[in-house]
Protein chains: 2
Amino acid sequence: MGGEHIKKASILSIGNELLNGRTVDTNAAYIAGRLRAINLTVVSVHSVPDEVDAIERALALATGEADVVVATGGLGPTDDDLTRQAFAGFLGVELVLHPDLLAKVKEFFDRRRIEMPARNEIQACIPQGAAALENEMGTAPGIQAKKGGKLLFAMPGVPAEMRHMLDTLVVPELRPLVTGQAIVVRRLKCFGAGESKIAELIGDAMQRGRNPLVNCTVQTGVITLEIVATAPGRTEAEKMAEQEEGSLRKILGTLVYGTDDQGLAEVVGEGLAWMGRTVAVAESCTGGLLAKLITDVPGSSRYFTHGWITYSNDAKSCELDVPTDMIEKYGAVSEQVAGAMAQGARRKAGTDYAIAITGIAGPGGGTEQKPVGLVYISVDSRSGTDTSRHVFSFDRSSVRLRAAQTSLNILRLKLDLTGQPHI
Amino acid sequence: MGGEHIKKASILSIGNELLNGRTVDTNAAYIAGRLRAINLTVVSVHSVPDEVDAIERALALATGEADVVVATGGLGPTDDDLTRQAFAGFLGVELVLHPDLLAKVKEFFDRRRIEMPARNEIQACIPQGAAALENEMGTAPGIQAKKGGKLLFAMPGVPAEMRHMLDTLVVPELRPLVTGQAIVVRRLKCFGAGESKIAELIGDAMQRGRNPLVNCTVQTGVITLEIVATAPGRTEAEKMAEQEEGSLRKILGTLVYGTDDQGLAEVVGEGLAWMGRTVAVAESCTGGLLAKLITDVPGSSRYFTHGWITYSNDAKSCELDVPTDMIEKYGAVSEQVAGAMAQGARRKAGTDYAIAITGIAGPGGGTEQKPVGLVYISVDSRSGTDTSRHVFSFDRSSVRLRAAQTSLNILRLKLDLTGQPHI
């Protein structure tokens, strides 16, 4: 690179399996995250089939867009692994067999007491003038090359092999070449309002070109605000990000439930553990999903002890002492039954809190008065029983997930976690 | 298209989150699979940031490579959603507000009793001369346009919205335009053996270039064998696929549990419903996951009535009558306790079957005698209690999922579903 700085990267994902729907490309996101962390901007990801022409065209395209091209896939030993050939073609050189690489491939098989199949010999070939990247996790070495001031890397497509090679060889090679400013990223996780509502609340913070920039993404009801601060030095960028976080938190208040990758169940769980409190659940329409979310968190046995899935009316009355005449009078999906379920669960489990959920997840079972998506959520505690009515949208799995999340959020707000160290 | 046939497609994934490592692009694989099923070859996937220029360049690139361009993402209501603008720019037209689309967006909010934020108005704008694709799952309509004989589609990036729009509007639009040979795809779902074991059993069926071709993919323990038969006519391809399916089923026997997208819980549920039987569950380490899987299936209330999550020892003895001295003597993770949990659950629920799971999901809690991953699964029925010991691998979530799936598979084999119409 002659001492020049690099800024932009393009990712090339090579493999037929990426284009016929058989494989989701998880490599691209992993590489993108790693490159971004060293301040390289990924400007594009291109996925192409195992064809020499297609790979060469993609290399030309990517080197036109970026300073660095990071490719994965097509380095295996079979006939449809053509990345080596395409790199050689793009570089205008021949493939050369490296005896030292061949020895390593052979050694890989020796260690497993298997004779090296003849077809694996191709894995010891790399384009003339290019360097090999050692593969500590498999047989196929990677390739590092240069053309017209652009840096090219090829790595295996097997995620474990790729990740190791990227982290130990490619990123260390690129880091010192990256120019410019420090980037600090912080994430705030929000629940309880829609994307447009939050965008409205935070006003122009999301405007393009602003620094810090705030990006907003939604996933299953959880809104992630990502603050990206850019400055000449890291300290300055940290400070900018911190100030932005402070002002967003001020505006959003309790809509912010956590940071980074925290889930609602994790935050509620840490809160319960911190306060030395316990919770039980009684689920009808969510059918175990709420308990599953709570117990997804390692160590949840500190605060979670009992759960009931009372899917039938009989289960509600036998297991949670919901009066049968109450179910008859108001229906299983009612404020009254939700409250009785929560009370029954807390009484039987002897916990500080109990959450109950009853509703109509669909697709069937809705009526005009009680449509699909209608859910009652009740939280019982020493200070009483709070029950709320919700109508959630879309399909069965969305209704169930939103109901479970909302119930966790209700408990979170009840716990009053302000000032806790972990949020 | 003037009656001409189409062959090639390119997929455009739009969104900053795809280029900074935050989001894995699952949409591209879904779309690729669906397009392949109608005999369209996906020649490339391009991921670009939320920038008008980048999107326009990608549209030019993709229309140069393919007859159809299917784009996702960037149709939300916020300032960084720029796909509409880029489509208009590429088509050389203005964005036009459609009052009927606006009414639909408003109605979406009305149904939720929320006032439509002003920024959502942009979602009713589409490029002049383009058609809107109705979004039944969200607010943002899609776009369908033509340029220079090429077909362009834009869909929302939210997977549920995209999938519905693709399957109900885009694929039906494209299917009649596709040329060439008939491709018939069938899928067999297997559980109970690893990928290499299955590959060994079916021998050369997976060889490249073979017709029908058999592809094998693994996801969370479930192995999918995909049979792809190609022939000049659909009837012939159907026949080839059917024969291949027959011979694979013969080889694999009860390892095959279903077809297409069927899950274990669905197959077991249909079996129970068909036989008029019921099931209850008692979960410790899976913490509600098994019940969640069972109740993911619409209509599961026909056969699922009660579930207990007995996370603490106290819950196991109080709720399921597991003797406290048994827990003391053998430990909560033991064959004895698993059996007692299953018996207690079946007795209290009055069901035909009860499944119990107790184990160590980790990461903590393992010992030399009882390592992380150790799980006992018990199924109780009129004919007795069968308990088996398993050691599952990897992390907490894998152990939990594998335990829940394995318990469903054990019940499936017990039910003897041979000859049932739906399998």
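Residues numbered from 1 in each chain as written. Chains lettered and ligands numbered in written order. Predicted model: local features only at pLDDT ≥ 70, side-chain atom pairs only at ≥ 80, totals over all residues. Heavy atoms only, no water.

Peer 1: Help me out: how do you make sense of the sheet that holds strand β8 (residues 150–155) of chain A in this one?
Peer 2: Each strand in a sheet pairs with its neighbour through backbone hydrogen bonds, running either in the same direction (parallel) or in the opposite one (antiparallel). The twelve strands lie next to each other as β6(A)-β7(A)-β8(A)-β3(A)-β1(A)-β2(A)-β2(B)-β1(B)-β3(B)-β8(B)-β7(B)-β6(B), forming an open sheet whose pairing is mixed. Sheet topology places β6 (131–133) of chain A together with β6 (131–133) of chain B at the edges, where each strand pairs with a single neighbour. Between one strand and the next, the sheet's axes are offset by a mean angle of 20 degrees, whatever the strand orientation. Contacts from helix α2 (residues 52–65) of chain A reach β1 (8–14), β2 (41–48), β3 (68–72) and β8 of chain A together with β2 (41–48) of chain B within the one sheet, and its direction differs from that of β1(A) by about 165 degrees. Relative to β8(A), helix α5 (residues 159–174) of chain A is tilted by about 165 degrees, and along the sheet it contacts β3, β6, β7 (142–147) and β8 of chain A. (Pairing = 2+ DSSP bridges. Helix = DSSP H or I, 4+ residues; strand = E, 2+ residues; numbered from the N terminus. Axes fitted to C-alpha atoms, helices over the stretch in contact; angles between N-to-C directions. Contact = heavy atoms within 4.5 Å.)

Peer 1: Explanation requested: the domain arrangement of chain A in the structure shown.
Peer 2: Often, the extent of an interface is quoted as the loss of accessible area on bringing the components together. The assigned domain composition of chain A is domain 1 (8–177), domain 2 (182–259) and domain 3 (264–415). A straight line from the C-alpha centre of domain 1 of chain A to that of domain 3 of chain A covers 50 Å. (Domains from an automatic or database assignment.)

Peer 1: Please clarify how the interface of chain B and chain A should be interpreted in this entry.
Peer 2: Each partner contributes residues to the interface: chain B has 71 residues there, and chain A has 64 residues. Roughly 5,300 Å² is buried in total at the junction of chain B and chain A, and carbon and sulfur atoms are behind 55% of that figure. Among the residues of chain B in contact with chain A, B:Arg22, B:Ile309 and B:Tyr311 are the three that bury the most area, contributing 12% of the side total. The interface formed by chain B and chain A holds five salt bridges in total. Between B:Asp296 and A:Arg400 there is a salt bridge, and its shortest N-O distance comes to 2.8 Å. On the surface where chain B and chain A come into contact, there are 28 residue pairs in polar contact (both at pLDDT 80 or more). For the side of chain B that touches chain A, the secondary-structure elements that each account for two or more residues are α1 (27–37), β2, α4 (99–111), β10 (213–219), α9 (289–295), β14 (304–310), α10 (313–320) and α13 (396–415) of chain B. (Buried area = accessible area lost by both parts, 1.4 Å probe. Salt bridge = Lys/Arg side-chain N within 4 Å of Asp/Glu carboxyl O. Polar contact = N/O pair within 3.5 Å; in protein donor to acceptor, adjacent residues only side chain to side chain.)

Peer 1: When you look at helix α8 (residues 264–275) of chain A in this model, what are you seeing that I'm missing?
Peer 2: Each α-helix winds once per 3.6 residues, and so residues spaced three or four apart point in a common direction. Residue and element names in this part refer to chain A. Across its twelve residues, α8 extends 16 Å between first and last C-alpha, which sits within 8% of the 16 Å expected from 1.5 Å per residue. Taken residue by residue, α8 has Leu264, Ala265, Val267, Val268, Gly269, Gly271 and Leu272 as its buried positions. With its phi angle positive at about 70 degrees, Gly276 sits one or two positions after the end of α8. (Expected span 1.5 Å × (residues − 1). Buried < 20%, exposed > 50% of the residue type's maximum accessible area, 1.4 Å probe, protein only.)

Peer 1: Please clarify how the confidence of the model for chain A should be interpreted in this entry.
Peer 2: Segments scoring low in pLDDT should not have their predicted coordinates read at a detailed level. Taken over all residues, the pLDDT of chain A has a mean of 91, while the share at 70 or more is 97%. Among the scores for the predicted complex, ipTM is 0.77 and pTM is 0.77. (pLDDT = per-residue confidence, 0-100.)

Peer 1: Help me out: how do you make sense of the pattern of salt bridges in this one?
Peer 2: Side chains bearing opposite charge may pair, as long as their charged atoms lie close to each other. All names here are of chain A. Evaluated as defined, the whole model comprises 35 salt bridges over all chains. Measuring nitrogen to oxygen at the nearest pair gives 2.8 Å for the salt bridge that ties Arg186 to Glu245. Of the two residues, Arg186 sits in strand β9 (residues 182–190) while Glu245 sits in helix α7 (residues 234–252), which places them 59 residues apart along the sequence. With a relative accessible area of 12%, Glu245 lands in the buried category. Across the pair Arg210 and Glu244 runs a salt bridge whose closest N-O atoms are separated by 3.2 Å. With Arg210 in the loop between α6 (195–202) and β10 (213–219) and Glu244 in helix α7, the pair connects residues that are 34 residues apart, well separated along the chain. The exposure class of Arg210 is partly exposed, given its relative accessible area of 28%. Residue Glu244 is classed as buried on the basis of its relative accessible area of 7%.

Peer 1: Is there a simple way to think about the pairing of β10(A) in this case?
Peer 2: Along any regular strand the residues' side chains alternate between the sheet's two faces. Where β10(A) and strand β11 (residues 222–231) of chain A come together, seven bridges link them in antiparallel fashion. From the neighbouring strand, A:Leu213 faces β11(A), where its bridge partner is A:Val228.

Peer 1: What should I look at first to understand the environment of B:Ile327 in this one?
Peer 2: Residues and elements named next belong to chain B. Of note, Ile327 is situated in helix α11 (residues 324–330). A sequence separation of 220 residues divides Ile327 from Glu107, and the C-alpha atoms of the two residues are 57 Å apart. Excluding residues that lie within four positions of it along the chain, Ile327 makes contacts with Asn313, Lys316, Val322, Ala332 and Val337.

Peer 1: Teacher, can you tell me more about unusual backbone geometry here?
Peer 2: Working note: non-glycine residues mostly have negative phi, and peptide bonds are mostly trans. Residues A:Asn211 and A:Pro212 are joined by a peptide bond in cis, for which omega reads 0 degrees. Structurally, A:Pro212 is set in the loop between α6 and β10. The residue after B:Gly362, namely B:Pro363, is reached through a cis peptide bond having omega 5 degrees.

Peer 1: Help me understand the environment of B:Ala241, please; the structure alone is not making it clear to me.
Peer 2: All names here are of chain B. Mapped onto the elements, Ala241 comes out in helix α7 (residues 234–252). By relative accessible area, Ala241 is classed as buried at 0%. Considering only alpha carbons, one finds Ala241 and Asp100, 141 residues apart in sequence, at a separation of 45 Å. Each residue touching Ala241, except ones within four places of it in the same chain, is listed here: Val184, Arg186, Ile227 and Ala229.

Peer 1: Just to check I follow, could you spell out the packing of α6(A) against α7(A) for this structure?
Peer 2: Packed helices, taken two at a time, are described by the angle their axes make and the gap between the axes. Residues and elements named next belong to chain A. Closest axis-to-axis distance for the α6/α7 pair is 10 Å, and the angle between their directions is 115 degrees. α6 and α7 meet at a crossing whose hand is right-handed. In this structure, α6 uses Ile198, Leu201 and Ile202 to contact α7, whose residues at the interface are Leu248, Ile251 and Leu252. (Left-handed = near helix turned anticlockwise from the far one by under 90°.)

Peer 1: In this structure, what is going on with the state of the cysteines? I would like to understand it.
Peer 2: Such a bond, covalent and formed between the sulfur atoms of two cysteines, is termed a disulfide. Throughout the structure, instances matching the rule amount to zero disulfides over all chains. The cysteine A:Cys318 is free of any disulfide, with B:Cys318 supplying the nearest cysteine sulfur at 17 Å. (Disulfide = S-S within 2.5 Å.)

Peer 1: Help me understand the sheet that holds strand β14 (residues 304–310) of chain A, please; the structure alone is not making it clear to me.
Peer 2: One open sheet holds the ten strands; their spatial order is β17(A)-β16(A)-β15(A)-β13(A)-β14(A)-β14(B)-β13(B)-β15(B)-β16(B)-β17(B), and the pairing between them is mixed. Either end of the sheet is taken by a strand with one partner, and the two such strands are β17 (384–391) of chain A together with β17 (384–391) of chain B. The average undirected angle you get between the axes of adjacent strands in this sheet is 10 degrees. Here strand β13 (residues 279–283) of chain B runs beside β14(B); their pairing, made up of four bridges, is parallel.

Peer 1: Would you mind showing me how to read the side chain of A:Asn20 here?
Peer 2: Structurally, the position occupied by A:Asn20 is in the loop between β1 and α1 (27–37). Among the polar contacts made by the side chain of A:Asn20, one reaches the main-chain amide nitrogen of A:Arg22 at a distance of 3.0 Å. If we ignore the near neighbours within four places in the chain, the residues touching A:Asn20 are B:Ala32, B:Gly33 and B:Arg36.

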